[in-house]
Amino acid sequence: MQINFIHKPFRRILNMKKYIIIGTLLGITACNSGSEYSESRISEPATRIVEYTPAPGQFINSTEAGFDPANPITSAAEACSYAEQRLATNGYVSLGGWGGYIVAEFDTPVSNTGDYDLYVTGNAFDGSSEAGVVYVAQRENGQPKTWYELQGSAFRETIRGYEITYTGIGTETIAWTDNQGGSGTIDRIESYHAQSYLPAWVATRTYRGVRLPDNVSYDEGRLTYIMQPFEWGYADNRSTIDAVGLTNRFRIADAVDAAGNPISLNSIDYIKIQTGVNCKAGNEVGEISTEVCRIGCYRTIIDKE
């Protein structure tokens, strides 16, 4: 018995309902059957947003980020609806300062292929990487069971079990303290964003997760603040390894448990993106806040021809 592999030319199809073919099609002739099968690699958006819990930040409640001041968001359900509408039209949602996050769900589990299985599109550009840490989880009783971090290039330099609490009101500078003895502020940028920086639908202001190393420096030659990219493994990050344009790609195979040990997952049902850098820049740049424009997965589909 022999299987013959027939390679077909690479092709890209846009706006094919919710799918985009992104890879090589492969024809396979089944053993002694004369039947040929085609294999295609597609991208598929997440089914829904199940939580949008940003931290305080200058783009929260901002019309620039699509908030409608005439219809303020006051509940978690309204926040999810807002985020879904924004992502469906390629608008960005901001996760605010360190710890803010968004959670998306897939109706069908996403398989661990060992290759890139997931993607997140942000708005990073040269000198502006506002990296977000990515987590995955499996479904149990309709909820995420356990969150596993997808390790990136700065994995050995992170602070695990990091926790931060924000205090203050939205029309003033927001203060924060962390569980490492640190403190600081989310400064107001009044010339651009004079609205409240607090997400009114978020009841608690304590956030937990993984803190990435600071990535802000001042470029004397360019007279500007630079947010340096990490090599790979983070959202809204101008990587030369995992990024295709503004899209960063992720492997479920990179999952680790709470202790940082590798964990083997056959598939996942949820993806979470969380602002990973607790830092700010001058020149009215303000806090580092991960922005998200699209969330999805890659799937392999085999069709009989």
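Refer to the preceding data block for the structure.
Below you will find a few notes about this structure. Values in this document were obtained by computation on a predicted structure and should not be read as measured data.

Next up on the list: the overall build of the protein. A tally of helices and strands in the protein yields one helix and 27 strands. In the protein, which comprises 305 residues, the proportion classed as buried is 49%. In the protein, 71% of the contacts between residues at least 6 apart in sequence involve partners at least 24 apart. When the accessible surface of the protein is split by element, carbon and sulfur atoms take 49% of a total near 14600 Å².

What follows is about the sheet that holds strand E14 (residues 159–167). Spatially, four strands are ordered E16-E15-E14-E17 in an open sheet, and the strand pairing comes out antiparallel. Here the strands that pair on one side only, and so sit at the sheet edges, are strand E16 (183–186) and strand E17 (206–211). Strand-to-strand twist across the sheet, computed as the mean angle between neighbouring axes with direction ignored, equals 30 degrees. One ladder, built from four bridges, connects strand E15 (residues 174–178) with E16; its direction is antiparallel. Each bridged residue has a counterpart across the sheet, and for Ala-175 the counterpart in E16 is Thr-185.

This part covers the side chain of Gln-58. Tracing the chain through its elements places Gln-58 in the loop between strand E6 (48–53) and helix H1 (76–88). Among the polar contacts made by the side chain of Gln-58, one reaches the main-chain carbonyl oxygen of Val-285 at a distance of 2.9 Å. If near-sequence neighbours (up to four positions away) are discounted, Gln-58 is found in contact with Ile-189, His-193, Gln-195, Tyr-197, Val-285, Gly-286 and Glu-287.

This part takes up the packing of aromatic side chains. Scanning all chains against the criterion turns up eleven aromatic pairs. Between Trp-147 and Tyr-270 the ring centres are 6.4 Å apart and the planes differ by 70 degrees, which places this aromatic pair in the edge-to-face class. With Trp-147 in the loop between strand E12 (143–144) and strand E13 (148–150) and Tyr-270 in strand E23 (residues 267–275), this pair connects stretches of sequence that are 123 residues apart. Classification of Tyr-270 by relative accessible area gives buried; the value is 1%. Over the ring of Tyr-197 we find Arg-188; its NZ or CZ atom is 4.4 Å from the centre of that ring.

What follows covers the pattern of salt bridges. Tallied over the entire structure, the rule returns 13 salt bridges. Where Lys-280 meets Asp-187, a salt bridge forms, and the shortest distance between an N and an O atom there is 2.9 Å. Taken together, the residues Lys-280 in strand E24 (residues 280–281) and Asp-187 in the loop between E16 and E17 connect sequence positions 93 residues apart. Take Asp-187: its relative accessible area is 29%, and that puts it in the partly exposed class. The network of salt bridges with common partners includes Arg-48, Glu-105, Asp-107, Arg-139 and Asp-269.

Within a sheet, neighbouring strands are paired by backbone hydrogen bonds and run either parallel or antiparallel to one another. Strand order in the open sheet formed by six strands is E6-E8-E23-E10-E13-E22, and the pairing between neighbours is antiparallel. The open sheet has two edge strands with one neighbour each: E6 and strand E22 (255–256). Bridge count for E6 against strand E8 (residues 101–111) is five bridges, and the pairing is antiparallel. Paired with Tyr-52 across the bridge in E8 is Ile-102. Across the sheet, H1 is in contact with E6 and E8; its angle to E6 comes to roughly 120 degrees.

Attention shifts here to the pairing of strand E18 (residues 216–219). Taken together, the four bridges between E18 and strand E19 (residues 224–227) define a ladder with antiparallel strand orientation. Counterpart to Tyr-218 in the pairing with E19 is Tyr-225. Remark: four residues form the turn of the hairpin made by E18 and E19, two consecutive strands paired antiparallel; Leu-223 in that turn has positive phi of roughly 55 degrees.

Parameters at a glance
- Residues numbered from 1 in each chain as written.
- Predicted model: local features only at pLDDT ≥ 70, side-chain atom pairs only at ≥ 80, totals over all residues.
- Heavy atoms only, no water.
- Helix = DSSP H or I, 4+ residues; strand = E, 2+ residues; numbered from the N terminus.
- Buried < 20%, exposed > 50% of the residue type's maximum accessible area, 1.4 Å probe, protein only.
- Contact = heavy atoms within 4.5 Å.
- Areas by Shrake-Rupley, 256 points an atom, 1.4 Å probe, with all protein chains shown as cover.
- Pairing = 2+ DSSP bridges.
- Axes fitted to C-alpha atoms, helices over the stretch in contact; angles between N-to-C directions.
- Polar contact = N/O pair within 3.5 Å; in protein donor to acceptor, adjacent residues only side chain to side chain.
- Phe/Tyr/Trp six-rings, centres within 6.5 Å; stacked < 30°, edge-to-face > 60°.
- Lys NZ or Arg CZ within 6 Å of the ring centre and 35° of its normal.
- Salt bridge = Lys/Arg side-chain N within 4 Å of Asp/Glu carboxyl O.

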